[in-house]
Amino acid sequence: MSALSQKIGAYFVAMAAMMWGFDAVVLTPRLFNLNVIYVVFMLHALPFAVMQPILFREYAWIKKMRPSDLTFLFLVALFGGAIGTIAIVKALFLVEFKHLTVVALLQKLQPVFAILLARVVLKERLSKYFLLWSIIAIIGGYFLTFEFNVPTLAHNGKMLPAALFALLAAFSFGSATVFGKRILGLLPFQTALFFRYGLTTLIMLVFVLATGTLSQVAVTTQTNWVFFCIIGLTTGSGAILLYYYGLRHISAGVATICELLFPISSILFDYIFNGNVLSPIQWFSATIMLFAIYQIGTAPPAVKG
């Protein structure tokens, strides 16, 4: 692999990370007037509709895939597409533009959950190195979120449910990473993306029909439609395409460093667009947490148990 291709790969992953940071702080929270389930449905249905004339040949893969492949694709869509996105959007809506950076930073705990789940699904043994840095990351995440307050009292009590949703998102996205390992070696990245969005759209369609939230189409404003289109084509499917393309050319360790631009850009965008600044204890806690996540992400691979 050439040095040029590695630089290009790192650039694409970094760009995707910054796009996700922009989305978490600037774009998705602007849809707060709509129901969360409806928002997540539209964020997948619209890009999937746009994919049809471009990637329609991907349907041919259905006949080639084994039942186990489809099962893991479904799990990726369920956790990474449906549950994870519902949780992070709900967390962003709960904080009402006041603590968006905290929610974005908490989501970076997903490597902890990914490795824990890998212990169950992939039978990978947990090292003392991982356990040490995981504990440090979780402690850092606590003080980042609640500072020196009791969780139920922090920020008028809204940070506790927001933090729990953010952690659910981290767990879900981490789970999707583990399940995705079982299929990314078998399918081209654009095929995995196509079926992830398709299956997530079907899952979310069941949710919106069961909850009656599809009726929100009638109250979706012109501004909402503009943000749906921007997110769907840029920070949504567009960022994922950049990420997977870049990931093909760099190591997991380099990707971990590049992905740190997600929380860093979140802090910057939250200050530029919302005027929010972390307190000194939050800055210190965020630094500790991100350093611990970096240590986890660049640690030697786990061995099979």
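Here the structure is shown first, and the text comes after it.
Here is what the cut-offs are and how they apply
Residues numbered from 1 in each chain as written. Predicted model: local features only at pLDDT ≥ 70, side-chain atom pairs only at ≥ 80, totals over all residues. Heavy atoms only, no water. Helix = DSSP H or I, 4+ residues; strand = E, 2+ residues; numbered from the N terminus. Buried < 20%, exposed > 50% of the residue type's maximum accessible area, 1.4 Å probe, protein only. Areas by Shrake-Rupley, 256 points an atom, 1.4 Å probe, with all protein chains shown as cover. Lys, Arg positive; Asp, Glu negative; His and termini not counted. Charge placed at Lys NZ, Arg CZ, Asp CG, Glu CD. Expected span 1.5 Å × (residues − 1). Phe/Tyr/Trp six-rings, centres within 6.5 Å; stacked < 30°, edge-to-face > 60°. Salt bridge = Lys/Arg side-chain N within 4 Å of Asp/Glu carboxyl O. Polar contact = N/O pair within 3.5 Å; in protein donor to acceptor, adjacent residues only side chain to side chain. Contact = heavy atoms within 4.5 Å. Axes fitted to C-alpha atoms, helices over the stretch in contact; angles between N-to-C directions. Parallel < 35°, antiparallel > 145°, perpendicular 65-115°, else oblique. Left-handed = near helix turned anticlockwise from the far one by under 90°. Nonpolar A, V, L, I, M, F, W, Y, C, P; charged D, E, K, R; others polar. Core = buried A, V, L, I, M, F, W, Y, C linked by side-chain atoms within 4.5 Å. Patch = residues over 30% accessible without salt bridge, like charges linked within 9 Å, V, L, I, M, F, W, Y side chains within 5 Å.

Student: Which parts of the structure should I look at to understand the overall build of the protein chain?
Tutor: When helices and strands are counted, the protein chain shows 13 helices and zero strands. Its helices and strands in sequence order give the protein chain the pattern α-α-α-α-α-α-α-α-α-α-α-α-α, from N to C terminus. Buried residues in the protein chain amount to 51% of all 305 residues. Summed over all atoms, the accessible surface of the protein chain reaches about 14400 Å², with 72% contributed by carbon and sulfur. Positive and negative side-chain charges in the protein chain, numbering 19 and 8 respectively, have mean positions lying 10 Å apart.

Student: Can you help me understand helix α9 (residues 189–211) in this one?
Tutor: Along an α-helix, a turn takes 3.6 residues, which lines up residues three or four apart on a common side. Its 23 residues give α9 an end-to-end C-alpha distance of 33 Å, which sits within 8% of 33 Å, the value for a rise of 1.5 Å per residue. At the exit of α9 stands glycine 212, carrying a positive phi of roughly 75°.

Student: Help me understand the packing of aromatic side chains, please; the structure alone is not making it clear to me.
Tutor: Ring pairs (aromatic) are described by centroid distance and by the angle formed between their planes. Counted under the stated rule, the structure contains 14 aromatic pairs. Here the aromatic rings of tyrosine 11 and phenylalanine 12 are separated by 5.8 Å at their centres, their planes lie at 65°, and the arrangement is edge-to-face. For the ring pair tyrosine 59 and phenylalanine 194, a centre distance of 5.0 Å and an interplane angle of 85° mean the geometry is edge-to-face. Residue tyrosine 59 is located in the loop between α2 (36–55) and α3 (61–64), and its partner phenylalanine 194 is located in helix α9; the two are separated by 135 residues in the primary sequence. Judged by its relative accessible area of 1%, phenylalanine 194 falls in the buried class.

Student: Any chance you could explain the pattern of salt bridges here in plain terms?
Tutor: Any two side chains of opposite charge can pair, on the condition that their charged atoms come close. The full count for this structure, using the stated rule, is one salt bridge. With a closest N to O distance of 3.2 Å, aspartate 69 and arginine 66 form a salt bridge. The exposure class assigned to aspartate 69 is buried, which follows from its relative accessible area of 8%. The partly exposed category is assigned to arginine 66, whose relative accessible area is 47%.

Student: What is the right way to read the environment of leucine 144 from this model?
Tutor: For leucine 144, the location among the structural elements is in helix α7 (residues 128–146). Distance in space between the C-alpha atoms of leucine 144 and threonine 223 is 33 Å, their sequence separation being 79 residues.

Student: Even after reading the chapter, I still don't get the side chain of threonine 201, so can you show me in this structure?
Tutor: Along the chain, threonine 201 falls in helix α9. With relative accessibility at 11%, the residue threonine 201 sits in the buried group. Within the structure, the side chain of threonine 201 is placed 3.3 Å from the backbone oxygen of histidine 44, a separation counted as a polar contact. With sequence-adjacent residues up to four places away left out, threonine 201 is seen in contact with Phe41, His44, Ala45 and Phe48.

Student: Just checking my understanding: could you explain the packing of helix α5 (residues 100–107) against α7 for this structure?
Tutor: The geometry of α5 relative to α7 is characterised by a closest axis approach of 10 Å and an angle of 170° between their N-to-C directions. Between α5 and α7, the interaxial angle falls into the category roughly antiparallel. When you trace α5 past α7, the crossing you get is left-handed. Contacts from Val102, Leu105 and Leu106 in α5 reach Gly141, Leu144 and Thr145 in α7. Its residues assigned to classes, the contact of α5 with α7 shows four nonpolar, two polar and no charged.

Student: Explain the nonpolar core here, please?
Tutor: As a rule of thumb, soluble globular proteins bury nonpolar side chains together. In terms of nonpolar packing, the biggest core is built from 95 residues, with Val39, Leu109 and Phe228 touching the most fellow members. Broken down by element, this core gets its largest block of residues, 14 residues, from helix α4 (residues 67–94). Discounting chain neighbours no more than four positions away, the residues touching phenylalanine 228 are Leu31, Leu34, Tyr38, Val39, Met42, Leu43, Leu46 and Thr220.

Student: What's the story with a nonpolar patch on the surface in this structure? I'm lost.
Tutor: A grouping of Leu202, Leu205, Leu209, Leu214, Val217 and Trp225 is seen on the molecular surface, where their side chains present a nonpolar patch of about 500 Å² in accessible area. Sort the elements by how many residues they give to the nonpolar patch and α9 lands first, with three residues. Tracing the backbone through its elements, the reader meets leucine 202 in helix α9.

Student: Which parts of the structure should I look at to understand the environment of tyrosine 59?
Tutor: For tyrosine 59, a relative accessible area of 36% corresponds to the partly exposed category. Residues tyrosine 59 and phenylalanine 194 lie 135 residues apart in sequence; the distance between their C-alpha atoms is 9.0 Å. Those residues in contact with tyrosine 59, other than ones at most four positions away along the chain, are Phe48, Gln52, Phe194 and Phe195. At 2.7 Å, the side chain of tyrosine 59 forms a polar contact with the side chain of glutamine 52.

Student: Explain the side chain of serine 237 to me, please; I cannot follow it from the model alone.
Tutor: Following the sequence through the fold, serine 237 ends up in helix α10 (residues 222–247). If sequence neighbours within four positions are ignored, serine 237 has contacts with Pro47, Met51, Leu193, Tyr197, Ile231 and Gly232.

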